Amino acid sequence: MGELTIGVLGSYGGRNLGDEAILTALLADLRNQQPHARIVVFSRNPTHTLAHHPGVEAVPWEGVSRVDSAAVLDRLDLLILGGGGILYDREARRYLRVVRVAQERGLPLLTYAVGVGPLTEAVDCGMVRETLTSATEVTVRDEESRVVLEEAGLLTPITVTADPAFLLQPEDFPARLLREEGVPDGKRLVGMSVREPGRAAERLDVDAYHRLLAQVGDFLVHRIDADVVFVPMERDDIRHSHGVMSHMTAADRGRILHGDYSPPQVLGLMRHFDLAVGMRLHFLIFAAMANIPFLPLPYAGKVFDLAQRLGVPALKGVAREVEGPLLAEVDRLWDERDRRAESVSLRVAEMCEQARSTSHVTRAVLDGLRSRALARVTA
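Residues numbered from 1 in each chain as written. Predicted model: local features only at pLDDT ≥ 70, side-chain atom pairs only at ≥ 80, totals over all residues. Heavy atoms only, no water.

- Looking up the chain in an unreviewed UniProt entry gives the name Polysaccharide pyruvyl transferase CsaB, with the organism given as Micromonospora inyonensis.

See below:
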């Protein structure tokens, strides 16, 4: 009997390290379960996907006609949607256009720890409700996503798991790479993550949060004599890191990483930090996995949800009026870092187990497909 052919559709193609972390973990899971399966990744940049994820086939999906999409989908036994935050206003309809073509051809659909919301526009709500109603399994990465789906009218059972990045294994990040980036030896280091407003955070006041994070950076330089290392998770984060540094009085104590690092390398980088403060979801996940004390700066529900699940204090928003409470929270984080690290490590273990539960759901779907295929062969 031929091996299964599995399609994976998400925000893949190298634009964002968090999405690539999800794809890395998802592919490792599929290969563990089905070592000989053929995997087709629908990618924004197939060349990047082929270079960074050997052993898969990569095909474009943006701007591709229904006929060309159907030709690829006809070869599949299963379409996996996700993981990552892809089902939100104006973006959901683009992914679900491909899903609709798949479902018209009778292809089973599984959502893999997908992130959902905000979802308020009628077109997107309708497409999400229609396509996911007939999905074989629906798994989401957080409670917020389940609530958004329920509010959109989805009646299908929804399983809450955790972000696939919690299954990622770190690679060593040698100290020499930091030296090559201009980060001095022998200093305390604070990792910081900033992001562009983008569709997930359209209401962010850019200058205000640049100034706020500059205050945090200056505070840490003077409070614990640390250097601040900005870790871009997307290329545009570099520009916003410069924006923050431009407002720091201690800008000479800040460094922005410019190297092209893989998600496992960035996870390995975290062990060099004494503290982490950030906006990007997967930067914070990596800090938690490395057992580095961290403070989330929530710009979206997914970050606040992570903070709640890990039992970490988080001030809502990144507006200038929270400057005083934010600096007090940073100060408290440093004083309580050892106790908090111990508490978070237990929660991270739980999140890793929840992330593995996505794998259990996937295994059941794959086993069912193989059993049906075997029955057809032996009939």
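## Things to note about the pairing of strand E3 (residues 57–60)
- Here 4 bridges tie strand E2 (residues 38–43) to E3, and the two strands are oriented parallel to one another. From the neighbouring strand, phenylalanine 42 faces E3, where its bridge partner is valine 59.
- Crossover handedness for the path E2 to helix H2 (residues 46–52) to E3: right-handed. (Pairing = 2+ DSSP bridges. Helix = DSSP H or I, 4+ residues; strand = E, 2+ residues; numbered from the N terminus. Right-handed = clockwise from strand over helix to strand, strands pointing away.)

## Observations regarding empty space enclosed by the protein
- A complete count under the given rule lists 2 cavities of 30 Å³ or more for this structure.
- In this structure, the largest cavity is lined by Arg141, Asp142, Asp163, Phe166, Leu281, Ile285, Lys302, Asp305, Leu306, Arg309 and Met351.
- Among the secondary structure elements, those contributing two or more residues to the lining of the largest cavity are helix H11 (281–289) and helix H12 (301–310).
- Ranked by the residues each element gives to the lining of the largest cavity, the list is headed by H12, at 4 residues.
- When the residues that make up the lining of the largest cavity are grouped by side-chain class, the tally is 5 nonpolar, no polar and 6 charged.
- Roughly 50 Å³ of volume is contained in the second largest cavity.
- Lining the second largest cavity, in full, are Asn291, Ile292, Pro293, Phe294, Val312, Leu333, Arg340, Ala341 and Val344.
- The element best represented in the lining of the second largest cavity is helix H14 (residues 337–378), accounting for 3 residues.
- Tallied by class, residues from the lining of the second largest cavity come to 7 nonpolar, 1 polar and 1 charged. (1 Å grid on protein atoms, 1.4 Å probe; cavity = no way out; pocket = protein on both sides within 12 Å on 5 of 7 lines; lining within 4 Å. Points joined across faces, edges and corners; volume = space filled by probe spheres on them. Nonpolar A, V, L, I, M, F, W, Y, C, P; charged D, E, K, R; others polar.)

## Remarks on the layout of surface pockets
- In this structure, the second largest pocket encloses a volume near 390 Å³.
- Taken together, 24 residues make up the lining of the second largest pocket; nearest its centre are Gly14, Leu17, Asp260, Tyr261 and Ser262.
- If you list the elements that add at least two residues to the lining of the second largest pocket, you get helix H1 (17–33), H2 and helix H10 (263–269).
- The leading source of residues in the lining of the second largest pocket is H10, at 4 residues.
- Split by domain, the residues of the lining of the second largest pocket number at least three in each of domain 1 (5–161) and domain 2 (175–348). (Domains from an automatic or database assignment.)

## Some remarks on the packing of aromatic side chains
- Per the counting criterion, the structure on display carries 2 aromatic pairs.
- Note that arginine 337 overlies the ring of tryptophan 334, its terminal NZ or CZ placed 3.7 Å from the centroid. (Phe/Tyr/Trp six-rings, centres within 6.5 Å; stacked < 30°, edge-to-face > 60°. Lys NZ or Arg CZ within 6 Å of the ring centre and 35° of its normal.)

## Structural notes on the domain arrangement of the chain
- The domain boundaries assigned to the chain delineate domain 1 (5–161) and domain 2 (175–348).
- The centre of domain 1, based on its C-alpha atoms, is set 29 Å off from the matching centre of domain 2.
- Interface area for domain 1 against domain 2, summed over the two sides, is near 1400 Å², with a carbon-plus-sulfur share of 50%.
- Scanning the region where domain 1 abuts domain 2 turns up 0 salt bridges.
- Where domain 1 packs against domain 2, one counts 5 residue pairs in polar contact (both at pLDDT 80 or more). (Buried area = accessible area lost by both parts, 1.4 Å probe. Salt bridge = Lys/Arg side-chain N within 4 Å of Asp/Glu carboxyl O. Polar contact = N/O pair within 3.5 Å; in protein donor to acceptor, adjacent residues only side chain to side chain.)

## Focus on the nonpolar core
- Among the nonpolar cores identified, the biggest contains 74 residues, and Phe166, Val266, Phe286 and Phe294 are the most heavily contacted of them.
- Of the residues forming this core, the biggest block, 8 residues, is contributed by helix H8 (residues 206–224).
- Summarising the domain contributions, this core has at least three residues from each of domain 1 (5–161) and domain 2 (175–348).
- Contact partners of valine 266, with chain neighbours within four places excluded, come to Leu17, Val231, Met233, Tyr261 and Phe286.
- Listed in part, the 37 residues of the second largest apolar core include Leu76, Ile86, Leu107 and Met127. (Core = buried A, V, L, I, M, F, W, Y, C linked by side-chain atoms within 4.5 Å. Buried < 20%, exposed > 50% of the residue type's maximum accessible area, 1.4 Å probe, protein only. Contact = heavy atoms within 4.5 Å.)

## Brief notes about the pattern of salt bridges
- One pass over the full model with this rule turns up 35 salt bridges.
- Between glutamate 121 and arginine 93 there is a salt bridge; the shortest N-O distance is 2.9 Å. Residue glutamate 121 is found in the loop between strand E5 (109–116) and helix H5 (122–133), and its partner arginine 93 is found in helix H4 (residues 92–104); the two are separated by 28 residues along the sequence.
- Given a relative accessible area of 29%, glutamate 121 falls into the partly exposed group.
- Judged by relative accessible area, which is 27%, arginine 93 ranks as partly exposed.
- The salt bridge partner of aspartate 331 is arginine 223, with a shortest N-O separation of 2.3 Å. Residue aspartate 331 is found in helix H13 (residues 323–335), and its partner arginine 223 is found in helix H8; the two are separated by 108 residues along the sequence.
- For arginine 223, a relative accessible area of 33% translates into the label partly exposed.
- Three or more residues joined by partner-sharing salt bridges are found here, namely Arg15, Arg44, Glu62, Glu91 and Arg94.

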